[in-house]
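# Summary of structural features
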Amino acid sequence: SDAAMSLPSMIGVSIYFGLVSLFMHQRRVDLEARVIKASEEHQDLRMKTWKLSRYVSPQIWRTIFSGREVRLETSRKRLTVFFSDIKGFTELSEKLEAEQMTDMLNHYLSEMSQIIHKYGGTIDKFIGDAIMVFFGDPTSRGAQADCLACVSMAIEMKKHMRIMQQHWVSQGIETPLEIRMGINTGYCTVGNFGTEQRLDYT
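Notes on the structure follow.

### Overview of helix α5 (residues 143-170)
The first and last C-alpha atoms of α5 sit 41 Å apart over 28 residues, in line with the 40 Å expected at 1.5 Å per residue. Structurally, α5 contributes buried residues whose contacts are with β1 (74-87), α4 (98-118), β3 (130-135) and β4 (178-194). Note on α5: the residue one or two positions beyond its end, Gly172, has a positive phi of about 90°.

Below, the structure written as structure tokens:
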């Protein structure tokens, strides 16, 4: 009689533990699937974030991701502003094929951007072969240090052009290109201009 009663109990217990084990296994499988999906989404987000970061300067990027609210507002600050363009570039562009012209310009802007970032400048914009950079916002090391950084950057750009000229000569561009530069320090209105839907930091 006891054996007859214990058998159903044992079957019931076995079924119970079997169901619990199946449930736990399914939970683990679901959890692993969620972890994999979250990891893929995280990687996708990182890739999109990296692509987006290439459209703005590192200083602006850090400001956005610091958690600070992005608003349509400006302020008056003492900035050192740098402008440059390439002497004779328009005439040269008329002689070059579009692909060669594009490669040359992208190479030039890439090399100059590395120097700008090295000295902490904020790239405002590229206008064809022209570059506008400023020092003093969104971060500043002080007006004098900003000026020195800008001038040091300009000197290194001039020196680096000699290396780039050698590279261009090897590609058949023998016109010796030179950078024209202007630097000025003064109070400017800087910040986000535009609309609530589309901002331009300048």
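Past the structure itself, the notes keep going.
### So, the nonpolar core
Looking at soluble globular proteins, one finds that nonpolar side chains tend to be buried together. Judged by nonpolar contacts, the single largest core of 28 residues is most densely connected at Met104, Tyr108, Met112, Met153, Met157 and Trp168. Where this core is concerned, the elements lending two or more residues are β1, α3 (89-93), α4, β3 and α5. Not counting chain neighbours up to four residues away, the residues in contact with Trp168 comprise Met104, His107, Tyr108, Met161, Ile173 and Leu177. Grouped together as the second largest cluster of nonpolar side chains are six residues, Leu79, Val81, Met132 and Tyr201 included.

### Some remarks on the environment of Gly186
Tracing the backbone through its elements, the reader meets Gly186 in strand β4. Residue classification places Gly186 among the buried positions, given a relative accessible area of 19%. Along the backbone, Gly186 and Arg76 are 110 residues apart, and their C-alpha atoms lie at a distance of 10.0 Å. The residues contacting Gly186, other than those within four sequence positions of it, are Lys77, Arg78 and Leu79.

Thresholds applied
Residues numbered from 1 in each chain as written. Predicted model: local features only at pLDDT ≥ 70, side-chain atom pairs only at ≥ 80, totals over all residues. Heavy atoms only, no water. Helix = DSSP H or I, 4+ residues; strand = E, 2+ residues; numbered from the N terminus. Expected span 1.5 Å × (residues − 1). Contact = heavy atoms within 4.5 Å. Core = buried A, V, L, I, M, F, W, Y, C linked by side-chain atoms within 4.5 Å. Buried < 20%, exposed > 50% of the residue type's maximum accessible area, 1.4 Å probe, protein only.

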